[in-house]
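# Structural features, examined
Take a look at the letters that make up each chain.
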Amino acid sequence: MESLSPEQHRAAGEQRTNRLRILGLNTVEAEATFDRIARLAATFTQSPLAMVNFINDERQMFRGMYVPGGTPEDPVDVSGGGIPFDLSNLAREAPGDYGFCPHVVAQQSQLALDDVFDYPRFKGNPLVNDLGVRSYLGTPLRDNTGVILGTVCVADFKPRAWDRQLKLGMQELSETLLSEFKLRDSLLAQQQELFAVFDGAPFPIMLTEGPDHLLRYANGRQGQAFGMVPQFSLGRNVLPGLDRIGVFAAMDDALRTGRPTSVPRASLRTYDSAAPQDFDFLCTPIRTSPSAPFKGVLTVAMNTTGQGYGGAESQAFAANVQQRFEQLGGAALSDSVPGR
């Protein structure tokens, strides 16, 4: 298949980034499912290096990775591979134009390099100098909607022939991840029902993810009171009023400790009132299952000036939501609702 034109490449990059955000895959965070696929790829092809690589419009994210471990339990035989570099601390991200995976995505087809030195186009790639890679096999990783999200790839430190069986096996291995993407979409549909409850709530609610408090969701009341801001914005940057009164500091504490924190009786001016309003803010850390790490914060603001909501109501509401998110499972912090 022919490579994309520059304009098509840009549009595809935007589409891919948006889809990664929707699926909750637009970070470098390692994930056991993808690490297993990388190990299977390495085992199947007897390669010392394998990755499940997601590529957005800025960088590559190796959420699945296998590198030589050198342990007796290691099923991949890398003896004689001539590993010239210590890969134990190999980063899980790289610039968007690094290596050979971006070429797989651009040409939308499998790329097999038996010896990169035979290809002037690839011989000078930084991957050769940085890791000593001499051969590479990369397969496009498509989701259940047909969008290419990245690659499943293997590499070796010596020249080798990638035969038809290996190529077909890598294709089949990449297709096993379709069920993972379908599951995430199913959970997103359930998540929309939960957000529909938030939409009708008479008090401001927002859901953020990670230590940077990336804004995943805000209901109508949040926008009316504190300002309409784009989805995926960094909370501190777009909601400075809440930052000044200590809301984001409380969110930091909630993520760090795993316990709800509060900002009681905080007074600030809102967009829907000429007079200052008093709010009780409750920041509850959110996780997707009882054993999962806390990944986000649900912040509920109760107006204690005009409507008289008390702390008990917000705590009961937040506890119920925490339980619902745990029931939803692994994709509960993915981006399913349009920005408000």
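Quick look at the structure, then. This one's a predicted model, so the numbers in the text were calculated from it and none came from an experiment. (Residues numbered from 1 in each chain as written. Predicted model: local features only at pLDDT ≥ 70, side-chain atom pairs only at ≥ 80, totals over all residues. Heavy atoms only, no water.)

### Examining the overall build of the protein
Per the secondary structure count, the protein includes twelve helices and eleven strands. Contacts spanning at least 24 positions in sequence make up 63% of the contacts within the protein whose residues lie at least 6 apart. Accessible area of the protein: about 15,400 Å², with a carbon and sulfur share of 52%. (Helix = DSSP H or I, 4+ residues; strand = E, 2+ residues; numbered from the N terminus. Contact = heavy atoms within 4.5 Å. Areas by Shrake-Rupley, 256 points an atom, 1.4 Å probe, with all protein chains shown as cover.)

### Some details on the packing of helix H2 (residues 32-45) against helix H6 (residues 164-175)
Axis separation between H2 and H6 bottoms out at 10 Å; the angle between their running directions is 165°. Of the possible angle classes, the one that applies to H2 and H6 is roughly antiparallel. Crossing geometry of H2 relative to H6 is assigned as right-handed. Across the interface between the two elements, Ile37, Leu40, Ala41, Phe44 and Thr45 from H2 touch Gln165, Leu166, Gly169, Met170 and Leu173 from H6. Split by residue class, the contact of H2 with H6 holds seven nonpolar, three polar and no charged. (Axes fitted to C-alpha atoms, helices over the stretch in contact; angles between N-to-C directions. Parallel < 35°, antiparallel > 145°, perpendicular 65-115°, else oblique. Left-handed = near helix turned anticlockwise from the far one by under 90°. Nonpolar A, V, L, I, M, F, W, Y, C, P; charged D, E, K, R; others polar.)

### Some details on the pairing of strand E2 (residues 59-66)
Burial analysis of E2 places seven of its eight residues in the buried class, the great majority of the element. Note that strand E1 (residues 49-55) and E2 share six bridges and pair antiparallel. Within E2, the residue paired with Met51 across the bridge is Met65. Hairpin connection between E1 and E2: a loop of three residues separates the two successive antiparallel strands. In terms of strand pairing, E2 meets strand E3 (residues 93-95) through three bridges, oriented antiparallel. Its bridge partner lying in E3, Met61 is registered against Glu93. (Buried < 20%, exposed > 50% of the residue type's maximum accessible area, 1.4 Å probe, protein only. Pairing = 2+ DSSP bridges.)

### Quick word on the environment of Leu177
Within the element layout of this structure, Leu177 appears in the loop between H6 and helix H7 (178-199). Under the relative-accessibility criterion, Leu177 is labelled buried at 2%. Sequence spacing of Leu177 and Ile37 is 140 residues, and the spatial spacing of their C-alpha atoms is 8.5 Å.

### Quick notes on helix H11 (residues 247-257)
Among the residues of H11, Val247, Phe248, Ala250, Met251, Ala254 and Leu255 are the ones counted as buried. Considered in projection along H11, the buried side chains sweep an arc of 155° and stay on one side of the axis. Each element contacted by the buried residues of H11 is listed here: strand E7 (205-209), helix H9 (235-238), helix H10 (240-244), strand E9 (261-268), strand E10 (277-286) and strand E11 (296-303). Of the residues trailing H11, Gly258 is marked for its positive phi of about 75°. (Arc of directions from axis to C-beta.)

### A short note on the sheet that holds strand E4 (residues 111-113)
Taken in spatial order, the six strands make up an open sheet running E3-E2-E1-E6-E5-E4, and their pairing is antiparallel. At either margin of the open sheet sits one strand with a lone partner, and together these are E3 and E4. The mean inter-strand angle of the sheet, taken between neighbouring strand axes irrespective of direction, is 25°. Sheet contacts for H2: E1, E2 and strand E6 (148-156); angle to E2, the most-contacted strand, approximately 65°.

### Section: the packing of helix H1 (residues 6-23) against H7
The contact between H1 and H7 brings their axes to 10 Å, and the two run at 65°. Taken as axis vectors, H1 and H7 run roughly perpendicular relative to one another. The segment H1 lies against H7, with Arg19, Ile22 and Leu23 engaging Phe181, Arg184, Asp185 and Leu188. Here the contact of H1 with H7 is built from residues that sort into four nonpolar, no polar and three charged.

### Some details on the pattern of salt bridges
What the rule picks out here adds up to 18 salt bridges. A salt bridge links Arg216 to Glu209, with the shortest nitrogen-to-oxygen separation between them at 2.3 Å. Each member of the pair, Arg216 as well as Glu209, is classed as buried. Its salt-bridge partner being Asp278, residue Arg265 comes within 3.4 Å of it at the nearest N-O pair. Placement of the pair is Arg265 in strand E9 and Asp278 in strand E10, with a sequence separation of 13 residues. (Salt bridge = Lys/Arg side-chain N within 4 Å of Asp/Glu carboxyl O.)

### Some words on the packing of aromatic side chains
Aromatic ring pairs are described here by two measures, namely the spacing of the ring centres and the angle between the planes. Across all of its chains, the model carries eight aromatic pairs by this definition. Consider the rings of Phe34 and Phe54, whose centres lie 5.1 Å apart with planes at 70°: the pair is edge-to-face. With Phe34 in helix H2 and Phe54 in strand E1, this residue pair connects regions lying 20 residues apart in the sequence. Grouping residues by exposure puts Phe34 and Phe54 together as buried. On the numbers, 5.7 Å between centres and 50° between planes, the contact of Phe198 with Tyr217 is tilted. Here the residue Phe198 occupies a position in helix H7, and Tyr217 occupies one in strand E8 (residues 214-218), the gap between them amounting to 19 residues. A single burial state applies to Phe198 and to Tyr217, both of which are buried. Joined through ring pairs, the aromatic side chains of Phe100, Tyr119, Phe122 and Tyr136 make up one cluster. Positioned above the aromatic ring of Phe117, the side-chain terminus of Lys123 is 5.6 Å from the ring centre. Between Arg134 and the ring centre of Phe117, over which it is positioned, the NZ or CZ distance is 3.9 Å. (Phe/Tyr/Trp six-rings, centres within 6.5 Å; stacked < 30°, edge-to-face > 60°. Lys NZ or Arg CZ within 6 Å of the ring centre and 35° of its normal.)

No statement about biological role is implied by the geometric values presented.
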